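# Examining the three-dimensional arrangement
Each chain, written out:
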Amino acid sequence: MNIEKFRITLHIDMDSFYSSVETLHRPSLKGLPVIVGSDPKKGRGVVSTCSYEARKYGVHSAMPITKAYKLCPQAIYLPVNMELYKKTSEKVMKIINSHATKFQQVSVDEAYIELNNDIDNYDKAIDIGYVIKKQILEQEGLTCSVGIAPNKVLSKIASDFNKPNGLTVVKPTDVIKFLHPLNISKLPGIGRKTASILNSMGIKTIGELANYDVQLLISRFGKFGLVIHEMSHGIDNREVKEKEFVKSISKEDTFDKDISDINRIRDVLYNLVEKVHISLLKQNFRFRTVNIRVRYSDFRTYTRSSTLNNATNDVHILKREVMILMKEFMHTGEFRLLGVGVSKLEYIDDMQTCITDFE
Ligand code: TTP
Ligand code: MG
């Protein structure tokens, strides 16, 4: 019996998430190029995302905002309103989870669900995919794209295949037919750098990658070579992990005796940084936002935070940001509590862990 027949995975990814939520709250933006990110007048920072209308001009996520402005000056530029997106995300995830045997949220706008315990055929899974789309549209006014396939990587590629508002099914018998003609950049984790190395090796499609000598891939890319080779054959044994979507990690210390000595403060903060970092690594997260919390002996309490452009799990960056945030509080009094935290977390799954090692 083919075990894969019973392992049906759905990947659901919201369409142009931040900009769709913005448009929902400002209906006059419907049909217009909308770009969410930093302020183009300030000249620094990047595009978080943009509407499909803006994508026609070549604008995309992570593009410098100044370049986006050159390509599409007439677009509506909006700042990131994370609180709003998080609220919407929670409602969307609730809908998705209500259909799952196993549910794993992997970012603010995407989740995997597995149906294997109670669904054993693709027709039923497709019905569920359409119900999820319908409920998200009717209850939240948003569209999403769904991929239905025998494992995580295939369902993720499938959800991206027909965006926006798509539903793509890859049955076990169609895996190779679906996968092999695609460009290698469609494999999760293959960014521009890896793609250009693979191109220089004569590999442009996933089929060409599948036919390439795996030993040569391993000698070129290490463990990552094996992972992409397996993916190119449609193999992915990662499970949909039931894990709570952790939103932040923080550690704090309350002192028996209030402290004011700079060296002592630094030691305490470094120690908290190490603890937060270990927790991050254990749970496979990267962070974008760093938070500190200080409480003076008279209980006045302050928090400060800073957000990086890119997610990282680098302990040195965490230390650096904490010390920058702490500067304004040094030499200002005695502390009874200090805290360090990270938020805007991104989950790095097993495949990405080794991808990150490489890139
Ligand atoms: P994505 O799902 O990658 O993008 P998207 O939902 O905007 O568009 P698509 O229809 O192609 O799925 O990311 C989800 C949200 O995460 C996105 O709306 C904004 C945020 N994001 C960033 O802030 N920076 C980035 O570089 C990317 C890729 C996403
Ligand atoms: Mg999305």
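### A closer look at the site of ligand 1
- Not every one of the 14 residues close to ligand 1 is listed here, only the nearest: Asp-13, Ser-16, Thr-49, Tyr-52 and Arg-55.
- Asp-13 is positioned such that a nitrogen or oxygen atom in its side chain is 2.9 Å from an oxygen atom of ligand 1.
- At 3.0 Å, a backbone N or O of Phe-17 approaches an oxygen atom of ligand 1.
- With the chains in place, 71% of the 560 Å² that ligand 1 exposes on its own is no longer accessible.
- Secondary-structure elements contributing two or more residues to the shell around ligand 1 are β1 (9-14), α1 (17-25), β3 (47-50) and α2 (52-55).
- Partitioned by chemical class, the residues of the shell around ligand 1 number 5 nonpolar, 4 polar and 5 charged.

### Observations regarding the environment of Ile-265
- Along the chain, Ile-265 falls in helix α12 (residues 262-283).
- A C-alpha to C-alpha distance of 9.6 Å links Ile-265 and Met-326, two positions 61 residues apart in sequence.
- Sequence-distant contacts of Ile-265, that is, excluding residues within four places in its chain, are made with Ile-259, Ser-260, Met-326, Met-330, Phe-335 and Leu-338.

### Some points on the coordination of the magnesium ion (ligand 2)
- The magnesium ion (ligand 2) binds to the protein through Asp-13 (OD), Met-14 (O) and Asp-109 (OD); the donor distances cover 2.0 to 2.2 Å.
- Coordination at the magnesium ion (ligand 2) is octahedral, judged from the 6 donor atoms that bind it and the angles of 80 to 177° they form at the metal.
- The motif formed by the donor residues of the magnesium ion (ligand 2), counted along the single chain, is D-M-x94-D. Of this pair, Met-14 sits in strand β1 while Asp-109 sits in the loop between β5 (102-107) and β6 (110-114), placing them 95 residues apart in sequence. For the residue pair Met-14 and Asp-109, the accessibility class agrees, reading buried in each case.

### Examining the environment of Glu-334
- By secondary structure assignment, the location of Glu-334 is in the loop between α13 (315-326) and β12 (335-343).
- In the structure, Glu-334 is positioned 228 residues away from Val-106 in sequence and 41 Å away in space, judged by C-alpha atoms.
- Not counting the four nearest positions on each side in its chain, Glu-334 is found in contact with Asp-258, Ile-259, Ser-260, Arg-295, Tyr-296 and Ser-297.

### Notes on the pattern of salt bridges
- Under the definition given, this model contains 17 salt bridges.
- Two residues, Asp-13 and Lys-163, come together in a salt bridge whose shortest N-O distance is 3.3 Å. In this pair, Asp-13 is assigned in strand β1 and Lys-163 in the loop between α6 (152-161) and β8 (167-169), connecting sequence segments 150 residues apart.
- When the shortest N-O distance is used, the salt bridge between Lys-319 and Glu-274 registers 3.7 Å. With Lys-319 in helix α13 and Glu-274 in helix α12, this residue pair connects regions lying 45 residues apart in the sequence.
- Classification of Glu-274 as partly exposed rests on a relative accessible area of 34%.
- Here the salt bridges do not stand alone but share partners, grouping Asp-13, Asp-15 and Lys-163 into one network.

### Description of helix α11 (residues 223-232)
- Along α11, 7 of the 10 residues are buried, which leaves the element largely enclosed by surrounding structure.
- Turning to α11, its buried residues are Phe-224, Gly-225, Val-227, Ile-228, His-229, Met-231 and Ser-232.
- One or two steps after α11, the chain reaches Gly-234, where phi turns positive at roughly 80°.

### Thoughts on the sheet that holds strand β2 (residues 34-37)
- Strand order across the open sheet formed by 3 strands is β3-β2-β4, with mixed pairing between neighbours. Single-partner strands in this sheet number two, and they are β3 and β4 (76-78). Neighbour-to-neighbour, the strand axes of the sheet open up by a mean angle of 25°, direction not taken into account.
- Where β2 meets β4, 3 bridges bridge the pair, whose relative direction is parallel. Its bridge partner being in β4, Val-36 is matched across the sheet by Leu-78.

### What to know about the sheet that holds β8
- Taken together, the 5 strands give an open sheet; going across it, the order is β5-β6-β1-β7-β8, and neighbouring strands pair in mixed fashion. For this open sheet the edge positions go to β5 and β8, each flanked by a neighbour on one side alone. On average, adjacent strands in this sheet sit at an angle of 15° to one another, irrespective of strand direction.
- Sheet topology note: the strand β7 (residues 144-149)/β8 ladder contains 3 bridges and is parallel. Residue pairing for β8: Ile-148 is matched across the bridge by Val-169.

Scoring rules and cut-offs
Each chain carries its own residue numbering, running from 1 in the direction its sequence is written. Numbering of ligands from 1 and lettering of chains from A proceed in the order in which they are written. For this predicted model, a pLDDT threshold of at least 70 governs which residues receive local features, and a threshold of 80 or more governs which side-chain atom pairs are given and counted, while totals over whole chains, interfaces and linings are taken from all residues. Side-chain metrics rest on all non-hydrogen atoms present in the structure, leaving aside hydrogens and water. We call a residue near a given molecule or strand whenever any one of its heavy atoms falls within 4 Å of it. Distance and chemistry together define a polar contact, namely a pair of N or O atoms within 3.5 Å, with one atom able to donate a hydrogen and the other to accept it when in protein, and with adjacent residues in sequence counting only for side-chain atoms on both sides. With residues, only the protein chains shown are counted as cover, and all accessible areas are computed by Shrake-Rupley using a 1.4 Å probe. Note on conventions: DSSP H or I runs of at least 4 residues are helices, E runs of at least 2 residues are strands, and numbering of each starts at the N terminus. Three categories are distinguished: nonpolar for Ala, Val, Leu, Ile, Met, Phe, Trp, Tyr, Cys and Pro, charged for Asp, Glu, Lys and Arg, and polar for the others, with Gly belonging to the last. Note on definitions: a residue-residue contact is assigned when non-hydrogen atoms from the two residues lie within 4.5 Å. As a rule, N, O and S atoms within 2.8 Å of a metal are its donors, except that Na, K and Ca use 3.2 Å; water is not among the atoms, so sites may look incomplete. Under the classification used here, a metal with four donors is tetrahedral if each angle lies between 85 and 135 degrees, square planar if opposite donors are over 155 degrees apart and the others between 65 and 115, a six-donor metal meeting that same test is octahedral, and anything else is irregular. We call a residue buried when its accessible area falls under 20% of the maximum for its residue type, exposed when it is over 50%, and partly exposed in between, using a 1.4 Å probe and counting protein chains only. Throughout this description, the term salt bridge denotes a Lys or Arg side-chain nitrogen within 4 Å of a carboxyl oxygen of Asp or Glu. The pairing criterion is simple: DSSP has to find at least two bridges between the two strands. Interaxial angle, 0 to 180 degrees, is taken between N-to-C directions of lines fitted to C-alpha atoms, where a helix line uses only the stretch in contact.

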